[in-house]
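Examination of the molecular architecture
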Amino acid sequence: MLTQYLFFFLSAVALISAVMVLLSKKPIHSVLYLTLTFFTLAGHYILLNAQFLAVVHIIVYAGAIMVLFLFTVMLLNLNIEGEFQKSTLMKFVAALAGGMIFLVLIGTLKSFDVSIVSNPEMTQIGLVKNLGKTLYSEYLMPFELSSILFLSAMVGAVMLGKKDKN
Amino acid sequence: MDIHFILYKLILAAAILLLSLVIAMYATLFERKIAGFFQDRLGPNRAGTFGLLQPVADGVKLFFKEEFMPANADKVLYILGPSLTMLVALLASAVIPWGGTLMIGGHEYALQVADVNIGVLYVFAVISIGVYGVMIGGWASNNKYALMGAVRAASQMISYELAMSMSIVTIVMTSGSLSLNDIVAQQHGMNWNVFTQPIGFVVFLICAFAETNRSPFDLPECETELIGGYHTEYSSMKLGFYLFAEYINIFISSAMISSLYFGGYNFPFMNDLGLSHNMVTILGTVALFAKISFFGFVFMWVRWTLPRFRYDQLMRFGWKGLMPWAMANMILTGFFHLLFKK
């Protein structure tokens with residue numbers, strides 16, 4: 001019962017803050033609303049018994065990526081309202097691209113079999129022990145490959161950010 | 001989930017909240033007394049005996065100060081800043097085990113609000129969102145110095161978070177658990193992690209100074225360069241929240257250091273004294289608070305002894321000094337763990 005109320009509360013906050021990301025005039029408010037959306041999503045993960053995912057979601061998205069976003073917005077001082085006037089063509093293209101993603105999402109959700117997972121092993125998969133075991137045994141290869149991808153991205157970012165000595 | 005359980009958790013949470021606030025309050029007095037001692041003067045001694053009423057007087061003073069808000073400040077964010085700082089400062093206390101278990105009327109009560117199996121990660125998360133309050137407050141003030149302070153605070157906290165997390169990761173590697181309760185329980189008696197993780201401990205301690213924005217890393221509020229840093233435009237209780245959160249952070253950091261490296265509520269010969277279960281638990285909590293007080297003293301000791309770093313020195317030290325040490329410690333720990341433990 002409590003989880004149901006929590007679900008509706010979190011969903012409402014998530015939806016409202018997601019809409020406010022688009023509607024708010026100041027970029028810094030958008031960033032903060034997006035952070036709030038991430039927190040509500042983390043709440044959903046906890047309701048799904050995926051504590052590890054929830055906390056990692058907060059650490060990575062709210063704690064690292066959004067802080068850097070906030071940082072950039074503050075440094076560039078993008079707090080003047082209505083600074084981003086896009087041309088009609090750009091608005092049209094953006095609407096088209098967004099609409100396509102929306103269609104794809106609806107398509108996937110329609111074919112998705114919405115059934116309640118009753119297998120007790122499946123509801124425990126989000127706990128850190130089970131997740132770690134699965135990642136390091138069944139999916140070891142993709143896991144290690146993605147870590148190499150991450151490392152190369154990091155090195156690449158440092159290389160790009162380095163000042164040219166010449 | 002019965003009403004009994006909820007009531008007990010509520011009482012425990014309220015007690016810990018109250019305790020954090022009172023300890024933070026008296027930490028301000030303690031700090032000023034220590035400062036007096038280091039500078040060969042008496043420190044506050046007018047309000048009450050030994051100045052014991054000084055924190056109360058300070059609080060009342062802050063409450064009655066003028067509430068000032070800069071004309072072009074972002075009103076909502078200006079208030080959100082100090083509130084968030086305070087909230088996040090109080091969050092971490094939920095997963096720290098404040099003692100063993102108490103047996104009352106056949107029931108076992110753990111002195112920990114939430115024994116989650118991801119306690120360490122929860123602490124990471126709280127540390128990583130701690131920067132929001134400072135950044136939002138500094139930006140919303142619409143003041144160059146405040147913004148500079150906020151940007152400095154953010155980059156400093158992000159930089160030192162990495163080395164801090166890595167030193168905690170080594171603890172997780174040796175103990176094989178992400179639950180703070182397990183980590184503390186494994187340090188039973190004198191098997192404290194500090195003996196196996198001396199490098200990790202030093203790195204963690206230095207990072208804790210940086211994360212709490214304390215001297216020698218108090219660049220975000222460096223008076224000589226930035227007036228007051230991110231809280232330049234704040235007055236009254238909003239300023240009080242920022243200052244107060246700093247002391248709560250010291251308290252929580254000391255508690256974390258004690259639990260991760262110094263055995264938390266464990267003390268030597270705890271099972272050889274022939275005391276009852278409850279007595280051991282109470283003594284353990286007393287031991288934990290003795291450790292916390294000691295590390296609180298270390299925080300103040302360092303503040304009044306070392307001069308402030310320069311900003312580029314701070315960054316170089318964080319990235320080129322602490323990070324390699326933390327990484328080397330992690331690799332060495334993994335190596336020894338594989339060689340000797342299995």
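Look a little higher up for the structure.
Summary of the structure given here. (Residues numbered from 1 in each chain as written. Chains lettered and ligands numbered in written order. Predicted model: local features only at pLDDT ≥ 70, side-chain atom pairs only at ≥ 80, totals over all residues.)

1. Focus on the overall build of chain A
Regarding its fold elements, chain A presents 7 helices and 0 strands. Tracing chain A from N to C terminus, the helices and strands come up as α-α-α-α-α-α-α. Relative to its full complement of 166 residues, chain A shows a buried share of 15%. Taking as baseline every contact in chain A between residues at least 6 positions apart, the subset at least 24 positions apart corresponds to 56%. (Helix = DSSP H or I, 4+ residues; strand = E, 2+ residues; numbered from the N terminus. Buried ≥ 20, exposed ≤ 12 C-beta atoms within 10 Å, placed from the backbone. Contact = placed C-beta atoms within 7 Å.)

2. So, helix 7 (residues 140-161) of chain A
Since the α-helix turns once every 3.6 residues, residues separated by three or four places project in the same direction. Taking 1.5 Å per residue, 22 residues should reach 32 Å; helix 7 of chain A reaches 32 Å between its end C-alpha atoms and fits that length. Little of helix 7 of chain A sits out of view: just 0 of its 22 residues are buried. (Expected span 1.5 Å × (residues − 1).)

3. A look at the interface of chain A and chain B
If you look at the interface, chain A gives 16 residues, while chain B gives 17 residues. A per-class count over the side of chain A that touches chain B returns 14 nonpolar, 2 polar and no charged. (Nonpolar A, V, L, I, M, F, W, Y, C, P; charged D, E, K, R; others polar.)

4. What to know about the nonpolar core
Among the nonpolar cores identified, the biggest contains 103 residues, and V55 of chain A together with M135, A150, C207 and F251 of chain B are the most heavily contacted of them. In contact with F251 of chain B, other than residues within four places in its own chain, are S20, I23, A24, A27, I292 and G296 of chain B. (Core = buried A, V, L, I, M, F, W, Y, C linked by C-beta atoms within 7 Å.)

5. Let's talk about unusual backbone geometry
Residues and elements named next belong to chain B. The phi dihedral of D40 is positive, around 60°, even though this residue is not glycine. Along the chain, D40 turns up in the loop between helix 1 (3-38) and helix 2 (54-64). Since 6 C-beta atoms lie within 10 Å of it, D40 is described here as exposed.

6. Observations regarding the packing of helix 4 (residues 119-129) of chain B against helix 6 (residues 144-175) of chain B
All names here are of chain B. Put simply, helix 4 and helix 6 touch, their axes get as near as 11 Å, and they point 175° apart. Classified by the angle their axes make, helix 4 and helix 6 are roughly antiparallel. Two secondary-structure elements touch here, helix 4 through V120, F124, I127 and S128 and helix 6 through E161, S165, I168 and V172. Along the lines of polarity and charge, the residues of the contact of helix 4 with helix 6 split into 5 nonpolar, 2 polar and 1 charged. (Axes fitted to C-alpha atoms, helices over the stretch in contact; angles between N-to-C directions. Parallel < 35°, antiparallel > 145°, perpendicular 65-115°, else oblique.)

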